[in-house]
Amino acid sequence: MPRQVVRRRTSVMQRYAQFLANHPFVVLSAIFAGNIIVLLVVICTDNIPSFDDPQAGFVARGTAIGQRMLAFENLLSELLLEDKTSDNVIGNSRIPAAVHSHSGGQEIIAGYRRNNTIESHPAVTPDDDDDDGQLASRNRRSTITSDMSPVDAGFFCSNPERNRARLVICTTSGDNLINEGKLRAICELDRTIRGLPEFLSLAERDANQKYCPSWTLTNYLMALTNRKSCHHLSHNDVSELRNMSAVCVPFYRAGQLHRHCWDGHNLCPDVPDMCCRENWFYHVLHYITDDDARMSNFTRSQCSLMLLPVWSGQVALPLYKALHQHNLTVEGAGVVGIEMGLKDSYLDVRLWEDSVLMLLALGAVLIILWIYVASLFVTIMNALAVFFPILLSYSLYSFIFRLTFFPFMNLLTCVIMIAVGADALVIYARLWTLAKSEKNDGKFEKVVYETMRHGFQTIMISSLTAASALFADAANPIVAIRCFSIFSGLTVLVHYIFVVTWLPATVIVADKWGSSLYSCRQVFLQKFCDSKVPLCQWLFHCHYIVLPFRQFAEYFRIFFEKLLPCIIIRLKWIWIALFVVMTAAACINVFYFPRLQLSTSRWLHLWDKRHPFEQYGMLKERFDFEREITDIQRRLPIRFVWGVIPGNTAAMLDPYDKGLLEYDHEVDFLSEESQSWMLQFCDGLKQQPFVSQNTDSFCYMAAFKRWLENVECSIAPICCGNLSFPLNPLTFHQCSQIFHRTFLHDSTGTKLSHGPNFDSQGRFQSLIVATESAQSFSYIYQEIKTFYDSVDSWFQSQLSSAPVGLKNGWFTSELEYFDLQDSLISGTTSALVIAFIVALLVMFLTTLNVCVSILAIVTIACIMVTSVAVLVVMEWKLNVLESTIITLGIGLSVDFTLHYSVAYCCSEADERELKTNHLITEMASPVTVSALTTFLAGAFMAPSDILIYRQIGLFIMIVISISWVYSTVFFSALLAAIGPQADFLQLHYPSCPLLCCRTDPSKLVEKSLQSSIEFTTHMISPRSENDLPRRAVHVPPLPQPLSVASVTSVAETPEPAPKVLLTLHVDPQEAEEDLDSVGELGSLPTSRGPSRGASLVRKHSRGLFSWDYVMQKLPLTRHFSVTNSSVMYIDADVRSNVSDNNPDMPAVMPNLRPDVPEVWVRRTD
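Worth saying up front: this structure is predicted, and the values here are computed from it rather than measured. (Residues numbered from 1 in each chain as written. Predicted model: local features only at pLDDT ≥ 70, side-chain atom pairs only at ≥ 80, totals over all residues. Heavy atoms only, no water.)

So, the overall build of the protein chain
When its secondary structure is counted, the protein chain shows 34 helices and 20 strands. When burial is assessed residue by residue, the protein chain has 55% of its 1165 residues classed as buried. For the protein chain, the proportion of contacts with a sequence separation of at least 24, taken over those separated by at least 6, is 76%. For the protein chain, the accessible area works out to roughly 51300 Å², and carbon and sulfur atoms hold 58% of it. (Helix = DSSP H or I, 4+ residues; strand = E, 2+ residues; numbered from the N terminus. Buried < 20%, exposed > 50% of the residue type's maximum accessible area, 1.4 Å probe, protein only. Contact = heavy atoms within 4.5 Å. Areas by Shrake-Rupley, 256 points an atom, 1.4 Å probe, with all protein chains shown as cover.)

What to know about the state of the cysteines
As used here, a disulfide is simply a covalent bond connecting the sulfur atoms of two cysteines. Taken as a whole and judged by the stated rule, the model has eight disulfides. Each sulfur of the disulfide joining Cys248 and Cys275 lies 1.7 Å from the other. Between Cys248 and Cys275 the sulfur-sulfur dihedral comes to about -85°; the bridge is accordingly left-handed. Of this pair, Cys248 sits in helix α9 (residues 235-253) while Cys275 is found in helix α10 (residues 273-276), placing the two residues 27 residues apart along the sequence. Summarising the burial analysis for this pair, Cys248 and Cys275 share the class buried. The closest cysteine sulfur to the non-disulfide-bonded Cys905 is located on Cys906, 7.0 Å from its own sulfur. (Disulfide = S-S within 2.5 Å.)

Here's the deal with the packing of aromatic side chains
Scanning all chains against the criterion turns up 56 aromatic pairs. Measuring from centroid to centroid gives 5.7 Å for Trp642 and Phe795, while their planes differ by 70°, and the two rings are edge-to-face. Separated by 153 residues along the polypeptide, Trp642 in strand β8 (residues 635-642) and Phe795 in helix α29 (residues 781-799) bring together distant segments of the chain. With relative accessibility at 0%, the residue Phe795 sits in the buried group. Within the aromatic cluster, the residues linked to one another by ring pairs are Phe640, Trp642, Trp677, Phe681, Phe690, Tyr781, Phe787, Tyr788, Trp794, Phe795, Phe811 and Phe818. Above the plane of the ring of Tyr904 lies Lys915, whose end atom (NZ or CZ) is 5.5 Å from the centre. (Phe/Tyr/Trp six-rings, centres within 6.5 Å; stacked < 30°, edge-to-face > 60°. Lys NZ or Arg CZ within 6 Å of the ring centre and 35° of its normal.)

Concerning the sheet that holds β8
As summarised here, the arrangement of the four strands in space is β9-β10-β8-β11, forming an open sheet in which the pairing is antiparallel. Looking at strand neighbours, the two that pair on one side only are β9 (755-758) and β11 (810-812), the edges of this open sheet. Neighbour-to-neighbour, the strand axes of this sheet turn through a mean angle of 25°, independent of strand direction. With four bridges connecting them, β9 and strand β10 (residues 764-776) associate as antiparallel partners. Residue pairing in the sheet places Phe758 in a bridge with Phe764 of β10. (Pairing = 2+ DSSP bridges. Axes fitted to C-alpha atoms, helices over the stretch in contact; angles between N-to-C directions.)

Focus on the nonpolar core
Membership of the largest hydrophobic core comes to 290 residues, with the highest contact counts inside it found for Leu257, Met409, Phe640, Trp642, Phe681, Phe704 and Trp707. For this core, the element with the most residues is helix α19 (residues 479-513), which contributes 20 residues. Formed by 10 residues, the second largest nonpolar core is a distinct cluster that contains Leu76, Val641, Tyr663 and Ile768. (Core = buried A, V, L, I, M, F, W, Y, C linked by side-chain atoms within 4.5 Å.)

Observations regarding the pairing of β10
Of the pairings in the sheet, the one linking β8 to β10 comprises seven bridges and is antiparallel in character. Residue pairing for β10: Arg635 is matched across the bridge by Ser776.

Considering the sheet that holds strand β4 (residues 164-171)
Taken in spatial order, the four strands make up an open sheet running β5-β4-β7-β6, and their pairing is antiparallel. Looking along the sheet, the strands with just one partner apiece sit at the ends: β5 (303-311) and β6 (329-330). Where helix α6 (residues 180-194) meets the sheet, its contacts fall on β4, β5, β6 and β7 (333-339), and the angle it forms with β5 comes to roughly 25°.

A word on the side chain of Thr465
With respect to the secondary-structure elements, Thr465 resides in helix α18 (residues 444-471). Classification of Thr465 as buried rests on a relative accessible area of 5%. A distance of 2.7 Å separates the side chain of Thr465 from the backbone oxygen of Ser462, its partner in a polar contact. In this structure, Thr465 is in contact with Val842, Gly891, Val894, Asp895 and Leu898, ignoring residues within four places of it in sequence. (Polar contact = N/O pair within 3.5 Å; in protein donor to acceptor, adjacent residues only side chain to side chain.)

Here's the deal with the pattern of salt bridges
Summed over all chains, the structure comprises 26 salt bridges. With a closest N to O distance of 3.7 Å, Arg191 and Glu188 form a salt bridge. A residue pair is termed a helical-turn pair when its members lie 3 or 4 positions apart in one helix, as Arg191 and Glu188 do in helix α6 at three residues. You can call Arg191 partly exposed: its relative accessible area is 45%. Looking at Glu188, the relative accessible area reads 24%, which means it is partly exposed. One salt bridge in this structure joins Arg294 and Asp624, with 3.1 Å as the shortest N-O distance. Note that Arg294 is positioned in helix α12 (residues 291-295) and Asp624 in helix α25 (residues 624-627), a separation of 330 residues in sequence. (Salt bridge = Lys/Arg side-chain N within 4 Å of Asp/Glu carboxyl O.)

Points about helix α34 (residues 947-978)
Compared with an ideal rise of 1.5 Å per residue, which puts 32 residues at 46 Å, α34 spans 43 Å between its outermost C-alpha atoms and is within 8% of the ideal. For α34, the principal kink sits at Tyr966 and spans about 30°. With 28 of 32 residues buried, α34 lies mostly within the body of the structure. (Expected span 1.5 Å × (residues − 1). Bend = angle between axes of the 7 residues up to and from the residue.)

What to know about the side chain of Glu204
Looking at where Glu204 falls in the secondary structure, it is placed in the loop between α7 (197-202) and α8 (217-225). In this structure the side chain of Glu204 is engaged in a polar contact, spanning 2.5 Å, whose partner is the side chain of Arg164.

Description of the pairing of β5
Summarising burial for β5: nine of the nine residues are buried, a large majority. Residues Cys303, Leu305, Leu307, Pro309 and Trp311 line one face of β5 and the alternating positions Ser304, Met306, Leu308 and Val310 line the opposite face, and both faces are buried. As paired strands, β4 and β5 are joined by seven bridges and run antiparallel to one another. Across the sheet, the residue bridging to Ile169 is Ser304, located in β5.

Digging into a nonpolar patch on the surface
A cluster of nonpolar residues, Val850, Ile854, Val858, Phe984, Leu985 and Leu987, forms a patch on the protein surface that exposes about 490 Å² of accessible area. Tracing the chain through its elements places Phe984 in the loop between α34 and β12 (1005-1007). (Patch = residues over 30% accessible without salt bridge, like charges linked within 9 Å, V, L, I, M, F, W, Y side chains within 5 Å.)

Focus on the packing of helix α33 (residues 912-941) against α34
Where α33 contacts α34, the two axes come as close as 9 Å, and the packing angle between them is 175°. Here α33 lies roughly antiparallel to α34, going by the angle between them. (Parallel < 35°, antiparallel > 145°, perpendicular 65-115°, else oblique.)

Regarding the confidence of the model for the protein chain
Summarising the model, the protein chain shows a mean pLDDT of 75, and 72% of its residues fall at 70 or more. Within the protein chain, strand β3 (residues 93-95) has the poorest average pLDDT of any element, 30, and helix α23 (residues 572-591) the best, 95. Per-residue pLDDT stays below 50 along residues 515-532; that stretch engages in 27 contacts with residues further than four places along the chain or on separate chains. (pLDDT = per-residue confidence, 0-100.)

Remarks on unusual backbone geometry
Here Phe593 and Pro594 are connected by a cis peptide whose omega angle stands at 0°. Relative to the helices and strands, Pro594 is located in the loop between α23 and α24 (612-619). Of note, the phi angle at Asn279 is positive, near 60°, even though the residue is not glycine. Its location among the elements puts Asn279 in the loop between α10 and α11 (280-288). The class of Asn279 is buried, set by a relative accessible area of 6%. Backbone geometry at Arg595 places phi at a positive 75°, although glycine is not the residue there. On the secondary structure map, Arg595 appears in the loop between α23 and α24.

Looking at the packing of α6 against α8
Where α6 meets α8, the closest approach of the two axes is 8 Å, and the angle between their N-to-C directions is 115°. Classed by the angle they form, the pair α6 and α8 counts as roughly perpendicular. For the pair formed by α6 and α8, the contact residues are Leu183, Ile186, Cys187 and Asp190 on the first element and Leu217, Thr218, Asn219 and Leu221 on the second. Classifying every residue of the contact of α6 with α8 by side-chain character gives five nonpolar, two polar and one charged. (Nonpolar A, V, L, I, M, F, W, Y, C, P; charged D, E, K, R; others polar.)

Below, the structure is given as C-alpha cells:
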C-alpha cells in the first residue's frame, strides 16, 4: 500500500476539543461544583443585595459641578453647619428646607410641634425616606392611638396632616365631582376601606375607642351642615357649600384665613365666623379640594383628597396591599392615587416579587430553545449557563472588586443574560448540526473541533460587542449607571467562559448519551420506565409534544432557504428605497420634531405612570398643602468659595462616600491686592442681572469695610480710627477675626454659612460669598443652563484679573438636578459614540472588509435611530433609566448584523447576489430564533408595575423587532445591491513565518490509508443487467503540488471492482499555513446545500449513473470526502457529458483549468 508522509500539526483548540469529547462530565462536574461553592459563600456571608433606597446612586460623580457641590457640602460639615439644601432635623422627623422658603413654612413647623408628639407620630413625607428608628418605632405599634385631645368629640379626632395615608379620588366620567351623587360615592368608598381588616388593625381611635373618621369632602360637608349620614346629603347642602366658598375663598387667597384662625373662638376678626369655625372650611380648601374647585366656586372639580386615620410608613404596607387588590370604584368615582410613604421602600419588595416575570420569560425562552435544539437536557443546562454567570459576576463585583454599592438597575442584567444565553445556544446548535452533516473521517473529535472553531469565534465577537456597549456606559458620570455598566458587561464576559466550557460539554453529553428519554431508559430499563416511573413517562410524552413542532421546522426551512432569499434579492432596490424613507422619517422625529427631550419631572419615576404612587405624584400639585413644600418659588443661591479645592476625593462608585475636604494652602486673603480686588468684586456683583435686587446680598469685604468705618473703639481698639483701606495684612487679620466673632453669628450663636472661616490657630482657611439669585428653581434644563453659564462666565472673567492668591475660587449653587440632566446628555452621547466605535472596530477586525463594515455600521445606526424614534412617539423622556436603556440598544442591535456580515465574508462565491443568498440561507433561521427568544424575554417583562422593568421589556421588543427587520431585509438588500464582489476591499491578516510556530519539515509523521491522503476509488457495479459495460479511463499524472499516480475508475466486467489507490503527493513547503493539517480531509455535504464558506454548484447526469457532479473553487491542497460516498479528488476537468462514439457512456476529459479542481461523488446508499 503506497503511503504519503506528511506533517501533522495539532493546535491547542484541537487538544481541548479532544479532551472535551472524551471527558465532558469532568468539565460539567467541576464547573457545577465550583458554582455551588460560590453560591454557598454568598448565602453564608449574608451578602444578598438590598434595595431599601432605590434612588441612591442617581447622582453624578466626577463632573465639575458635582465636585464643587460635594466640596461645599464637606466644608459645611467641617464647620458643623447644615447646608440649606439639606433637610432640617426636628427631633426624629425630617422636614425639607424648602418649607422655610415660604411664608407658611414657620406655621408648618410651629403647628407640627404643637399638634404632634414627635416620638409617637413621626412625620413622613412622600419623597423622603424614613430613619431606621422611625421604622422600628412604627413596626412596634400594631394599633396607633392618639394622645391628642380631639377637636370635636362628635366628629374628627384631630386636624388633617400630611403624614397620614392619603388617597386621591377622581371622577371617572369627567363630570363634576362636587354633587350629591359623587359625594355619596365618596362615602361608599370610605365605608369600603374602613371595612377592611387591615384598616381596623391600623386605624387611630378616639378617647371612646371608636375609630376616627376619615378626612373627606363628604364628612366635612356633613360636619358643616350637621348631617348624621352621607345618605341625607341633598342638593341644598351642596348649594350651601358653594355659598360658603364664595364668601371664604377670597380670604383664603389673601392669606387671612389660615390654620390658626380658630382656638375655641375666632382669632381672625376680619374673617367671618362660618369660615373659621373649627378650621373646617380652611381644611376643605387647603387639604381636600383641588385648584379647579377653588377657582370655580365648587362648580367644577375633577379630584378630591381623602386622608385616612392611619399613619404613613412601612406599617401601612398591609393596608396598601389590601387596597391594591380591591376595586375602589363606585358610581363614577374611584381611587386613582395613593400615598402612604411606601414609594421607595415598597420597591424593594416588588423588585423580588416581579422576579417571577423573569422566571416566566426564562421559561418561555427555554420552550422555544427546546423545540429548536430537540433536547431537554441541553435546554435545562443552558438555563444554568444563564444563572451561573450572574452568580459569578456578583461574586467578582462584591468580593474581588470590593464594590459595596449595588443599585437595583443591576437586576436588568438578568433580562440581558436571558437574551445573550439564548443567542449563544442557537448559534452553537446550528453550527453543531452543520458539522454533523459533514464527513469528518468518522471522528467525533473532528465534529467537536469544527463546531468550536466556528462557534467560539462567532459567539466571542457577539459577546465582545455586547460587553463593549455595556462597558461604554461607564463613561456616564452617574453612579448607578456606572455600576450597572460594570456588572452587566462583566456578566456577559463571564458568560462567554461558560460558552467555551459548559456549553460544548453539554452538547457532547447530549449527543453521546442521547436525549433525556434515552438516558432515563438506560437507568430504569424500558419496561420499568413505561409503567412505573412518572419522570420517564413525562419525558416520553414531552418527546411527542415536541415532535409536531419539529415537523413544522421543514416549512420554516423552506421559507428561509428558498423563499426569503428570493424576496430580498429580487426586490432589493424596493427594499432599500423603503428603508431609506423610514430612516429619514425617524431622523426627523428624533432630531427635529418632536425630538428626544430631557425629562422635566421633579422626581425620579420608579413606577409605571398608571401606578397609584405615580398618579398621586402627578396629581398632588392640585392641592395647596402639597405645594407648601415644593421648590417652585424658591430662588437659587449663589455661592463663591475660596480656600477649598473641589477635588475628586469621593469614591466614583459609592454614592454614600462624600470624600475628604481639601484646603487650598496657596490662597491669600490678607494681602492688600486681595482686599482691593475683593471689594471691587463685591461692587460688581451687585450690578449683575442674575443677582436678586429684592434682597440685601451679603458680600464679606463690602460689609467689613462698612463695619470698619463705624466700629467703636471699645469693641475693636486696633480697628477704630481713620484706617485707610486696604489694611496691612496683620491689621486686616486681627480686625477680620473681631468682625467675624461679632457679626457673623446668628441669634443662637451659630456661625453663618458665609464669610471667612478660621482654623484652630486663627488662620484664614476659606471664604464664602453668598447671595440670592434672580433665578427661580426650575426643572427645565435650558433655563438653568443659561443661569449657570452666565454666572460662571462672569466669575471666570473676574478671576482673570484677581491676585494670584485668589485665582482658585469657584462658584456653586443648588444644581444637583441640573448636574444630573447635564450628565445624562454628555454621558449618553459619549456612551453611544464609544459603543459605535467599538462596534465598527469589532466588525472590521472580524470581516476585514471595509465595504461590509461600513454598510454594517450604517445599518446599526439606522436601527438605533428608528428605535429611538419609536420611543419618541411613545412620549419617552430622557432620564436616568431611559439613558441606560437606550445605550443598551447598541449591544442588542449589533448581533444580527454582525452574524450576517461574517456569513457574507465567509462565502466563497464571487457575485454579491450569491454571497447574499448564502448568508440568508445559512444565518436567517438561527437569527430569527434568537430574535424570537429575546422578544419573548422582553414581552414577559412589559406587564410589570416597576417602571424600569416595563421600559426594558418594551425597549427589548422594539429594538429586537427593528433590528431583525433591518439586518435581515435592509442589510441583505444593501449587500445584494452594492456589496463587495469577490475579494474587493477584502484584507487579510499578514502571515508571520518567522514568528509563528512552524513544524520542522524533518519531523514528519505517517498517515495511513484511513487518513484519506491515500484513499480508494471503488468500481461502479452495474445497476441492472441492462447497464452497458464501462471502459477504463486513465488520467495521466499532473504537475505538483498535486498529482495523480494512477486512476482506474471503470471495470470491464460486472465482477467486484478492484480497488485502485490514488496517491496524493503534497509538497509541505507549498502547503498553506491556515490549513488544519496538511493532507487532512475537509468536508462537503451532498444531501443539502454547500458547507460554510463554500461556493458549490451541483449538477446531475442524465440518470445513467448514480453520480453527483460537483465543482468547487478550493485550494489544491484541500481534499474532500462525503458521507456514505467514495470520492476521487483529481486535478482534471472531469465532466459528465456524452461521448461522440457512444452516447450512453460518459467521457473524462483532461483538465483545462488547473485552478478549478473538481469532484465526482458516487453515492453508496
